[in-house]
Structure formats: C-alpha cells, structure tokens
Amino acid sequence: MLKLIHVISLLPLKPVVVRSNCVVNNLVQTCSVPNIRKMSFKAVERGTTNTQAYRIFFKNSEGTPVSPFHDIPMYSDESSQYLNMVVEIPRWTNAKMEISRTEPLNPIKQDIKKGKLRYVANCFPHHGYIWNYGAIPQTWENPEVKDEHTGFNGDNDPIDVLEIGSRIAKRGEVLQVKVLGVVALIDEGETDWKVVTINRNDPVADSLNDIGDVDKYFPGLLKATVEWLRIYKIPDGKPENQFAFNAEFKDKAFANKIILETHQHWKSLMCKPEDIDISRINTGVSDSKDKISSKDGEEIVNKSPAFAQGGPDDDSVGKWHFLHLM
C-alpha cells in the first residue's frame, strides 16, 4: 500500500467515407463517417491562459473549424496503421487539459476541481506527466458497456494515448503515432485504457515495432508508467489506482483490437437518435443530425474570448509530494 507522507502539414487527399450501420428501433441507420487521411490541423487558442476561459479549438487545412473528438480521423494513414493523436498535455507539464465532451466542437480545456483549475501533482521523482499525453479521435470508451477484458465499464472519454518519443509536443498538436501496446488502468471503477505509442518521426520509431521493444530503447519507462498511473491521485486524497492483467502491458495487436472496439463505440455514439450529455456537433460527419456548417462553426469559436496570455501556473505546480511504500 502507498501512503502520502501546432500543426502537422501533409498533403490532403480526397475524403474516403466509412459507413457505420446502427440499429435504431429495429431499423438500420447509416452514418457516413469521413476518414480523411493525411490532412493538416492547427490549434486555435481562445481565452486567457491559466484561466477557466482558456480553450483550444481546431481547424483543418481548409480553415473549417473541426471537432478533435469527431472530425479528426482516427487514422492518419490507415494503410500503415498510423493513428492521429490529439496532444492535450505535453510532457513535464502539470495542467490537466482534456477534450471537452460537453462543449460544442469539443475544444481542449483545463479540468476544474472544487472550482479551481486542476494541476496534477509531482509525485517524486516524477515531474508532471512523463510522456506526451492525449487522445485518439473518433474513439469512445462506452460507459454503458462492460469491457469484456477488464470487467468494468468505460470511462466515457476518447481513448487515452501516451506518446513516449524524445520530442516534447505542443498542446493542441496533432501527431501521427505508431501503436506499440496498451495497459488497462482501472480508475475509480472504470476502464481507462492507456495506449503506448511513439511519434512516427521520432529517431528510433522505425526500431520500435511492439511493446517488447520499449525497454531496449527506453529502459525503465514502462515500470515508471505503471508507478505514475498507480500513484498520481494519492496527493488528492484518493486511493491508488488499480490495473487489469496485474498491470501487464499488452502487445500491439491487442492494443489495435481495443482501439477498433472503441472506434465502433464512437460510431454507435454518433448514431444515437436521442439527445445525450456529449456534444456531437461536428462539421464533417455526413448524415449526422449534429453536423453544422463551417460558418456556424466559426460562430462557436468566435463566441469565446480572444486569446490572451495570462499569469504563471499555480504555485502548486512546483510542489513535491513524497510517497512511502508501506
């Protein structure tokens, strides 16, 4: 027991539509889901940094506002199995940034706890997040479905990604990543998969092809990853997190299976006929009842305050928390 003592520019190709059949009231409903490969996306900052008004919206290469949850495709290159990763939290930073499930166009914003901006504690010797952290678009861990592998329901978010390469990414950047493996965190009784990846442009990316290669090039990182995920909520007064499979990392094939399962859950989410507590507003999912025009998307972005540089991070960011094994 533990006790507490900005833009990727690639040549755009013609959109390829993937159709997802959903059974609604015994009828088959078809949602046309764009799988636009090799496009570029840029982050658009709004509001004042280090305040509750700060947001990061996204636009595609044509200048159309897009949702990082729904419009950015899961695959950046399906033939090579490279995925798009939306970077929420750069390595070594503490601000708990996340794609908003409920706000139109799902901008990145900082999580709020007890009315204040949330920062993840430094659990010695770790400082902030120890990888670039983010999410895979067009995925969803369904809270209404018990995961067959873990026995716990999903956490209602896009699937999380840990990018382990040498470069510190930028908040709001969209990276192309190679899948290496996955670990199953059980976070407060919910399944919270963490997919281990590496930026396809990393100097050692070609040498890493599965989870077994990680320790050779990044010795100690997988062990540190389990430790970090287990203890990072303890300074907030919560118990240590648990894992499925005794914290064993599963290989690339298993990880890709989980990713595809969460992609299917996302497709079903987009086809639900009823209103739900997740914003499905998008500008590129054809036949979606929540699809809006580029002009309407611009209005959503422009309703938020203009970008401004705010004050420094909260003083808590510099605090160490020391844990003792009991």
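Given the structure is predicted, the values throughout are model-derived calculations rather than measurements.

*Asks:* Before we go on, may I ask you to explain the overall build of the protein in this structure?
*Replies:* When helices and strands are tallied, the protein shows four helices and 20 strands. Residues classed as buried in the protein amount to 55% of the 326 residues present. Accessible surface for the protein amounts to roughly 14900 Å². Of this, 51% is attributable to carbon and sulfur atoms.

*Asks:* Where do I start with the nonpolar core in this structure?
*Replies:* A general tendency of soluble globular proteins is for nonpolar side chains to be buried together. Grouped together as the largest cluster of nonpolar side chains are 52 residues, with contacts concentrated most on Phe58, Trp131, Ile164, Val214 and Trp228. Mapped by element, the contributors of at least two residues to this core are strand S5 (55–60), strand S8 (82–89), strand S9 (97–99), strand S14 (132–135), strand S16 (174–187), strand S17 (190–199), helix H2 (221–231) and helix H3 (252–271). Counting residues per element, this core draws most heavily on H2, at six residues. Once residues lying within four places of it in the same chain are set aside, the contact partners of Ile164 are Trp131, Leu180, Val196, Thr197, Ile198, Leu208, Val214, Phe218 and Leu221.

*Asks:* Looking at this structure, I do not really get the environment of Ile136. What am I missing?
*Replies:* Structurally, Ile136 is set in the loop between S14 and strand S15 (160–163). Spatially, the C-alpha atoms of Ile136 and Val161 are 6.8 Å apart, while their sequence positions differ by 25 residues.

*Asks:* Sorry, what's going on with the pairing of S16 here?
*Replies:* Where a strand is regular, its side chains alternate between the two sheet faces. Across the 14 residues that make up S16, a large majority, 14, are buried. Two strands pair when backbone bridges link them, and S8 and S16 are joined in this way by four bridges, in the antiparallel orientation. When the bridges of S16 are listed, Met85 appears paired with Leu175. Summarising the sheet, S16 and S17 pair through ten bridges and their orientation is antiparallel.

*Asks:* In this structure, what is going on with a nonpolar patch on the surface? I would like to understand it.
*Replies:* Residues Phe124, Trp320 and Phe322 make up a contiguous nonpolar surface patch of roughly 320 Å² in combined accessible area. With respect to the secondary-structure elements, Trp320 resides in strand S19 (residues 320–321).

*Asks:* How do you make sense of unusual backbone geometry when you look at a structure like this?
*Replies:* A negative phi holds for most residues other than glycine; trans holds for most peptide bonds. Omega for the peptide link from Phe124 to Pro125 comes to 10 degrees, which places this bond in the cis form. Mapped onto the fold, Pro125 is located in the loop between strand S13 (122–123) and S14. The phi angle at Trp92 is positive, at roughly 75 degrees, despite the residue not being glycine. Relative to the elements of secondary structure, Trp92 occurs in the loop between S8 and S9. The partly exposed category is assigned to Trp92, whose relative accessible area is 42%.

*Asks:* How do you make sense of the environment of Ser207 when you look at a structure like this?
*Replies:* One can find Ser207 in the loop between S17 and helix H1 (214–217). On the basis of relative accessible area, Ser207 is assigned to the partly exposed category, the value being 34%. Remark: the alpha-carbon pair of Ser207 and Tyr217, spanning ten residues in sequence, is separated by 8.7 Å.

*Asks:* Any chance you could explain the pattern of salt bridges here in plain terms?
*Replies:* Oppositely charged side chains are able to pair whenever their charged atoms sit close together. The final tally for this structure, using the stated rule, is 21 salt bridges. With a shortest N-O distance of 2.6 Å, Asp157 and Arg101 are connected by a salt bridge. In this pair, Asp157 is assigned in the loop between S14 and S15 and Arg101 in the loop between S9 and strand S10 (108–110), connecting sequence segments 56 residues apart. Given a relative accessible area of 21%, Asp157 falls into the partly exposed group. Since its relative accessible area comes to 28%, Arg101 is described here as partly exposed. Each member of the salt-bridge network shares a partner with another, and the members are Asp187, Glu188, Lys233 and Lys238.

Cut-offs applied
- Residues numbered from 1 in each chain as written.
- Predicted model: local features only at pLDDT ≥ 70, side-chain atom pairs only at ≥ 80, totals over all residues.
- Heavy atoms only, no water.
- Helix = DSSP H or I, 4+ residues; strand = E, 2+ residues; numbered from the N terminus.
- Buried < 20%, exposed > 50% of the residue type's maximum accessible area, 1.4 Å probe, protein only.
- Areas by Shrake-Rupley, 256 points an atom, 1.4 Å probe, with all protein chains shown as cover.
- Core = buried A, V, L, I, M, F, W, Y, C linked by side-chain atoms within 4.5 Å.
- Contact = heavy atoms within 4.5 Å.
- Pairing = 2+ DSSP bridges.
- Patch = residues over 30% accessible without salt bridge, like charges linked within 9 Å, V, L, I, M, F, W, Y side chains within 5 Å.
- Salt bridge = Lys/Arg side-chain N within 4 Å of Asp/Glu carboxyl O.

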